[in-house]
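Fold and geometry: a report
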Amino acid sequence: MASLSSLCSSSPSLKPTKPAASLPKTILNPTSLPFPTRSTKPLAVAAHSVVREIAADSSKSVPAKPKEGLEKDPQALWRRYVDWLYQHKELGLYLDVSRIGFTDEFFREMEPRFQQSFDAMEDLEKGAIANPDEGRMVGHYWLRNSELTPTPFLKTQIESTLDRICSFADEIVSGKIKPPASEAGRFTQIMAVGIGGSALGPQFVAEALAPDNPPLKVMLSPLLNGIRFIDNTDPAGIDHQIAQLGSELASTLVIVTSKSGGTPETRNGLLEVQKAFREAGLDFAKQGVAITQENSLLDNTARIEGWLARFPMFDWVGGRTSEMSAVGLLPAALQGINIREMLTGGALMDEATRSRDCGSCVEPRLSSIISSCQLRNNPAALLALCWYWASDGVGSKDMVVLPYKDSLLLFSRYLQQLVMESIGKEFDLDGNRVNQGLTVYGNKGSTDQHAYIQQLRDGVHNFFVTFIEVLRDRPPGHDWELEPGVTCGDYLFGMLQGTRSALYANDRESVSVTVEEVTPRSVGALIALYERAVGLYASLVNINAYHQPGVEAGKKAAGEVLALQKRVLAVLNEASCKDPVEPLTLEEVADRCHAPEDIEMIYKIIAHMAANDRAVVAEGHCGSPRSIKVYLGECNVDALY
Ligand SMILES: O=P(O)(O)OC[C@H]1O[C@H](O)[C@H](O)[C@@H](O)[C@@H]1O
């Protein structure tokens, strides 16, 4: 078993390397092959035949409807493909924007606006208050390159936290730190409690990268990937996760993550887990870890109760961009994932999406040439350009994310928060009501071809697709031909290419992001690519990508429902303590709560309570609200006063 220190071992320096010496050949000088050839064996031919079949079959239904603006000539398309193909050689990442029909005129129009976006991004990385609504800096890029931090103190914070994560994870995996009351003599499970950005990144990375035999796994436990999540305040969901642990609760490390330290769902998850620990006669503090802002309610609770460890979240890292902070790095390291490689992948992508250097290969004549290649040479800018073109800069079309790889299943769910919580804003930076957004959905291919691709191909044209392609089907030496010359990976490849062709034939646009395989480095690069694309796009549409006022509104409304519930409980308790009991109508409850305007919510509260045996419907039934009369099952005298 690899010791964790090797997983946290220092990989190539995270310090910025010099800007790219020259533009990748494939953009300005398409001499090299855009992709490493998949195979020189008949496989390539057979795969091509698979692609042709699928493409032909898919396009059989409706003849292609050529549409002005979308190039359909194969030779012209090939030229467009090669001219615009972006390749990051070191990362083995490619971006194909040729199936997005932006025109040269559009490209020229956008160039000056991108210069402004690049300027804003430079200021952000230098420590400007890029989140003006909350008066905060935005520093997630510093997490993968601490040299960028605006002060030595922040640099030290990042580096010392990373070192602590690695050494703590190493001590857990090696058994140096062990649970106090487990026969296993070491931690064997991880339970992560958190929601939103405190869960989605760790969930995506666990699904993408957790090894089949994570270091905490012991053969006796039916472990999937060494980590479980409680990411909601659903009692049944929490019970399920705890039940799955069974006696291994005694050897479970519980990581509670909340930047604010006060999110109700996370707090409830913690209280429920602590109850399970009490009932099992276990000391939660000896198995609890907190990841939160210093001096938050959670941090103070963990400190006072003497939890096993506490790791900081920084106020200049938002939840949706926190995967490369302790939020994502600690659970990843505990699963044996090489977090230094994740950071390196992010740093390399950050360099590529930060670079405004066109390299020597572009004749520095007119500024437009320079800004053109700055755009062409920046994969995040290319993505933002495509989003703007495809959705008219107002979210008029949805972004369907289709990774053709099971392990990337949760990428679209991760991007839903990153994109929609950043872009989905009511007002722009000038206070204009814009109701901005960019809707994200999708699961994985080819599975989704058997669910909703029918609508994408033939139905309402309200989307563009992002294909995520992974070239490596299986580890080397494990390929197997299920037909002469064809593997099931060829089918996956064919399905992706066939779907891309079939959609484009019917004027449905797409971008394709290709990585050679799913590794910590490529996952880190994908995360960084999309973080930067969101930041650049937000500048283009003039919004603050780094706050989430709408979520606060929802949290406030939830609080009001709970406050009303308490009043309803008090009124029903009073009626229940009378002799004889006085069942009340909804109107009577609403009047006694002094909330006649909330009668519908009062009805819903009572229906929920009755369904959970906490209120008694004495007359009528919940299906006809006006018929019911309710009281509480028992009188709580103490609550009367
Ligand atoms: O990490 P926490 O403070 O518990 O917040 C968890 C989540 O809460 C809200 O939904 C925010 O909008 C998210 O951005 C955040 O990730």
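All of these numbers come straight from a predicted model, not from anything done at the bench.

Overview of the overall build of the protein
- Per the secondary structure count, the protein includes 21 helices and 16 strands.
- Expressed as a percentage of the 641 residues in the protein, the buried residues total 53%.
- Surface summary for the protein: the accessible area is close to 28200 Å², and the carbon and sulfur share equals 54%.

Quick word on unusual backbone geometry
- Across the junction of G445 and S446, the peptide omega takes the value 5°, indicating a cis bond.
- Checked against the element boundaries, S446 lands in the loop between β9 (440–441) and α16 (453–458).
- The backbone of N435 sits at a positive phi, close to 45°, despite the residue not being glycine.
- Here N435 lies in the loop between α15 (411–423) and β9.
- Positive phi values are uncommon outside glycine, yet N542 reaches one of about 60°.
- Within the secondary structure layout, N542 lies in the loop between α18 (520–540) and α19 (549–576).
- Residue class for N542 comes out partly exposed when judged on its relative accessible area of 24%.

A closer look at the site of the ligand
- Taken together, 14 residues are adjacent to the ligand, and S198, S258, S260, T263 and E421 come closest.
- Note that an oxygen atom of the ligand is positioned 2.6 Å from one of the side-chain N or O atoms of S198.
- In this structure, E421 approaches the ligand through a side-chain N or O atom, which is 2.6 Å from an oxygen atom.
- When the ligand is considered free in solution it has 380 Å² of accessible area, and contact with the protein chains removes 88% of it.
- Residues of the shell around the ligand, tallied by class, amount to two nonpolar, nine polar and three charged.

Side note on the sheet that holds β9
- Across the sheet, six strands lie side by side as β1-β2-β13-β10-β8-β9; this open sheet has mixed pairing. A strand with exactly one partner marks an edge of an open sheet, and here the two such strands are β1 (86–88) and β9.
- Where strand β2 (residues 93–96) and strand β13 (residues 510–515) come together, four bridges link them in antiparallel fashion. Considered in β13, the bridge of D96 is made with S512.

What to know about the pairing of strand β10 (residues 463–470)
- Counting buried residues along β10, eight of its eight residues qualify, which places the element largely inside the surrounding structure.
- Residues F463, V465, F467 and E469 of β10 are buried on one face, and the alternating residues F464, T466, I468 and V470, pointing to the opposite face, are buried as well.
- Pairing analysis gives six bridges linking strand β8 (residues 398–403) to β10, with the strands arranged parallel. Within β10, the position partnered with V400 by the bridge is V465.

With respect to the sheet that holds strand β15 (residues 616–619)
- A sheet is described by the order of its strands in space; here three strands give the open sequence β14-β16-β15, paired in antiparallel fashion. Among the strands making up the open sheet, the edge pair consists of β14 (584–585) and β15.

Considerations on the nonpolar core
- Counting residues in each nonpolar core, the largest one holds 113 residues, and the members touching the most others are F204, W387 and Y530.
- In terms of residue count, the dominant contributor to this core is α18 (13 residues).
- If we ignore the near neighbours within four places in the chain, the residues touching W387 are D392, M399, L438, F464, Y530, A533, V534 and Y537.
- Counting 21 residues, the second-largest nonpolar core is a separate cluster that includes A250, A276, L282 and A290.

Some words on α18
- Between its first and last C-alpha atoms α18 spans 30 Å; for 21 residues at 1.5 Å apiece the expected length is 30 Å, and the two agree.
- The element α18 is extensively covered by neighbouring structure, given that 20 of its 21 residues are classed as buried.
- A positive backbone phi angle near 60° is found at N542, which sits one or two residues after α18.

Examining the confidence of the model for the protein
- For the protein, mean pLDDT is 88; residues scoring 70 or higher make up 86% of the total.
- Contacts for the low-pLDDT stretch residues 12–67, under 50 throughout, to residues beyond four places or in other chains number 104 contacts.
- Note that residues 220–225 has pLDDT below 50 and, in this model, 13 contacts with residues that lie over four places away or in other chains.
- Model confidence for the complex: the whole-complex pTM is 0.88, and ipTM, which rates the interface, is 0.99.

Focus: the state of the cysteines
- Taken as a whole, this structure holds one disulfide when the rule is applied.
- Through a disulfide, C577 is tied to C635; the S-S separation comes to 1.9 Å. One disulfide, between C577 and C635, carries an S-S torsion of 100° and so falls in the right-handed class. In this pair, C577 is assigned in the loop between α19 and β14 and C635 in the segment after β16 (629–631), connecting sequence segments 58 residues apart.
- For C577, a relative accessible area of 24% gives the class partly exposed.
- No disulfide involves C622; its sulfur sits 16 Å from the nearest other cysteine sulfur, which is in C593.

Reading the values: rules and limits
Counting starts from 1 at the beginning of each chain's written sequence and moves along it residue by residue. Side-chain atom pairs in this predicted model are given and counted only at pLDDT of 80 or more, local residue features only at pLDDT of at least 70, and totals for whole chains, interfaces and linings cover all residues. Excluded from the side-chain calculation are hydrogens and water; included are all heavy atoms of the structure. Here a helix means four or more residues in a row that DSSP labels H or I, a strand means two or more in a row labelled E, and each is numbered from the N terminus. Here's how the labels work: a residue is buried when its accessible area is under 20% of the maximum for its type, exposed when over 50%, partly exposed in between, all with a 1.4 Å probe on protein chains only. All accessible areas in this document rest on Shrake-Rupley with a 1.4 Å probe, and a residue is counted as covered only by the protein chains that are shown. Throughout, near means a residue has at least one heavy atom within 4 Å of the molecule or strand. In the analysis that follows, any N or O atom pair within 3.5 Å is treated as a polar contact, provided that within protein one partner can donate a hydrogen and the other can accept it, and provided that, for residues neighboring in sequence, both atoms belong to side chains. Classification used: nonpolar for Ala, Val, Leu, Ile, Met, Phe, Trp, Tyr, Cys and Pro, charged for Asp, Glu, Lys and Arg, polar for all others including Gly. Pairing between strands requires that DSSP locate at least two bridges from one strand to the other. Grouping buried Ala, Val, Leu, Ile, Met, Phe, Trp, Tyr and Cys residues that are joined through side-chain atoms within 4.5 Å yields what is termed a nonpolar core. Here, residues are in contact when the closest pair of their heavy atoms is within 4.5 Å. Multiplying one less than the number of residues by 1.5 Å gives the expected span of a helix. As a per-residue measure, pLDDT reflects the predictor's confidence and takes values from 0 up to 100. A pair of cysteine sulfur atoms is labelled a disulfide when the two atoms are within 2.5 Å.

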